[in-house]
Amino acid sequence: MKEKIISYFEIDQLNTTVKREFLAGFTTFISMAYILFVNPTVLGASGMDEGAVFTATALASALGCILMGIFAKYPIATAPALGINAFFAYSVCVGMGIPWETALAGVFVASLIFILITVFKLRELIIDAIPADLKFAISGGIGLFIAFLGLSEGGIIVSNESTLVALGPLNVGTTWLTIFGLIITAIMMVRRVPGGIFIGMTATTILGLVTGLIDMPTKIVSAAPSLKPTFLVALKHVGDINSLQLWVVVLTFLLVTFFDTAGTLVGLANQAGFMKDNKMPRVGKALAADSTAMLAGSLLGTSPVGAYVESSAGIAVGGRSGLTAVTTGLFFVVGLFFSPLLSVVTSQVTAPALIVVGVLMAQSLSQIKWKEMEIAIPSFLILLGMPLTYSISDGIALGFIFYPITMIAAKRGKEVSPIMYALFFVFVGFMWILNAN
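Residues numbered from 1 in each chain as written. Predicted model: local features only at pLDDT ≥ 70, side-chain atom pairs only at ≥ 80, totals over all residues. Heavy atoms only, no water.

Peer 1: Quick question: what am I supposed to make of unusual backbone geometry here?
Peer 2: Both trends apply: most residues other than glycine have a negative phi, and most peptide bonds are in trans. In this structure, N15 takes a positive phi of about 60° despite not being glycine. Tracing the backbone through its elements, the reader meets N15 in the loop between α1 (2–8) and α2 (18–32). The exposure class assigned to N15 is exposed, which follows from its relative accessible area of 65%. (Helix = DSSP H or I, 4+ residues; strand = E, 2+ residues; numbered from the N terminus. Buried < 20%, exposed > 50% of the residue type's maximum accessible area, 1.4 Å probe, protein only.)

Peer 1: Help me out: how do you make sense of the packing of α2 against helix α15 (residues 322–335) in this one?
Peer 2: Two packed helices can be described by the angle between their axes and the distance between those axes. Where α2 contacts α15, the two axes come as close as 7 Å, and the packing angle between them is 50°. One finds that α2 runs oblique with respect to α15. As α2 packs across α15, the resulting crossing turns out to be right-handed. On α15, the residues that touch V18, E21, F22, A24, G25, F26, T28, F29 and M32 of α2 are L323, T324, T327, T328, F331 and F332. Grouping the amino acids of the contact of α2 with α15 by side-chain chemistry returns nine nonpolar, five polar and one charged. (Axes fitted to C-alpha atoms, helices over the stretch in contact; angles between N-to-C directions. Parallel < 35°, antiparallel > 145°, perpendicular 65-115°, else oblique. Left-handed = near helix turned anticlockwise from the far one by under 90°. Contact = heavy atoms within 4.5 Å. Nonpolar A, V, L, I, M, F, W, Y, C, P; charged D, E, K, R; others polar.)

Peer 1: Explain the side chain of S61 to me, please; I cannot follow it from the model alone.
Peer 2: With respect to the secondary-structure elements, S61 resides in helix α4 (residues 50–72). Looking at S61, the relative accessible area reads 0%, which means it is buried. Among the polar contacts made by the side chain of S61, one reaches the main-chain carbonyl oxygen of T57 at a distance of 2.6 Å. In contact with S61, not counting residues within four places along its chain, are T78, A79, P80 and F332. (Polar contact = N/O pair within 3.5 Å; in protein donor to acceptor, adjacent residues only side chain to side chain.)

Peer 1: Whenever I open this one, the pairing of strand β3 (residues 164–167) confuses me. Can you help?
Peer 2: For a regular strand, side-chain orientation follows a simple rule: the groups alternate between the two sheet faces. Here strand β2 (residues 157–160) runs beside β3; their pairing, made up of four bridges, is antiparallel. Opposite N160, over in β3, you have L164 as the bridge partner. (Pairing = 2+ DSSP bridges.)

Peer 1: Sorry, what's going on with the pattern of salt bridges here?
Peer 2: Opposite charge on two side chains allows them to pair when their charged atoms are near. Evaluated as defined, the whole model comprises four salt bridges. For R412, the salt bridge goes to E372, with nearest N and O atoms at 2.9 Å. Of this pair, R412 sits in the loop between α19 (392–409) and α20 (418–436) while E372 sits in the loop between α17 (347–362) and α18 (373–389), placing them 40 residues apart in sequence. Note on E372: relative accessible area 28%, which makes it partly exposed. With its nearest N and O atoms 2.6 Å apart, the salt bridge here joins E374 to R412. Taken as a pair, E374 in helix α18 and R412 in the loop between α19 and α20 lie far apart in primary sequence, 38 residues in all. Each member of the salt-bridge network shares a partner with another, and the members are E372, E374, R412 and E415. (Salt bridge = Lys/Arg side-chain N within 4 Å of Asp/Glu carboxyl O.)

Peer 1: Help me understand the packing of helix α9 (residues 173–190) against helix α10 (residues 196–211), please; the structure alone is not making it clear to me.
Peer 2: Taken N-terminus to C-terminus, the directions of α9 and α10 make an angle of 150°; their axes are 8 Å apart at the nearest point. Taken together, the axes of α9 and α10 lie roughly antiparallel to each other. Where α9 crosses over α10, the two elements pack in a sense that is right-handed. Contact residues: L177, F180, G181, I184, T185, M188 and M189 in α9; G196, I197, I199, G200, A203, T204, L207 and G208 in α10. Here the residues of the contact of α9 with α10 sort into nine nonpolar, six polar and no charged.

Peer 1: Is there a simple way to think about the environment of L134 in this case?
Peer 2: Relative to the assigned elements, L134 resides in helix α8 (residues 132–153). Those residues in contact with L134, other than ones at most four positions away along the chain, are P378, S379, I382, F400, Y403 and M420.

As structure tokens, this is what we get:
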């Protein structure tokens, strides 16, 4: 069996090992396990049953990871995306007063459109049409975004009314737990210790438990909550998608998930060294895996599923094959029954990993032609836009809107592909519609 696994996932050709892939998959899972608890809380604000959402989140994530690993053979994990779940709950359900059942039907319709445009290779054409410099900017921007996420979750950076953000209080024990983890992880990475990020996370967890900054779990095993309150509800309410407002909601689900996933795939492929001649091999299969997971997730009862930037933690540990993603998926299944143990993986444990991975992903920025202002300006807007808008897709939108403008100003408009011109109008229209509602 081991030989078949090594052969199928091309373990030897990718210069990796089964043990390393397993560790990478576990590291990715630990880095993104928070979604099992965050997603039910966010979607619970819409009136959805939090227990059912927990189970739907785990199953949709597991399915997406396993499909990505087996068919696309990438070490990229999927799960219900942050940001779009908040849009689902607070903007659509609470803000617009749309029932969660109807909103879930909107996710289902968007996922069907996703599958159609994936089959016709439209998504693949768009990703291939993005200029190399902008792809490097997307990778670096995601690095800044997840590093900012780590600094924020770890308490090192906090919100401030006067300056928007500021240095967090250094008299808080959990902040020092993050700093300890960051120091250990940095030392491991500088010393090039294999699995350094995972070692840092483990050391942080142990210190947190010993000092009481992380609570000991009260039990180990817990039964998975029932899916009944949300299962197939989306299918029963498709007929409710019957107004312009609801079709705008469907369009938003479609576009945000599209560019979040596209940007994440490009950024992770750059980090892992998969890009060849500015193209991502097997990108069609990767997109098919995530759109299928999104469809399944809507039927199970969760917001749109997409590729996760936390996969970069597993890639940094050495994950290079689909076995990493499959391992992550299996851990999501296990997580259904061992949820009490996941409580020890606090944001202070994962924060140092996200910060260090941000450093690794920012290395792609050296390949951008910074001396050419027509390239530098849209690249910089992508780079800065992602962390400051707290959205991968919004950062991409800023850069993609400015790219044709700066290229035309530099008398290089003929070098811009028709697809990039089309995306200019798509993003301008999308941002206008989104802000008008």
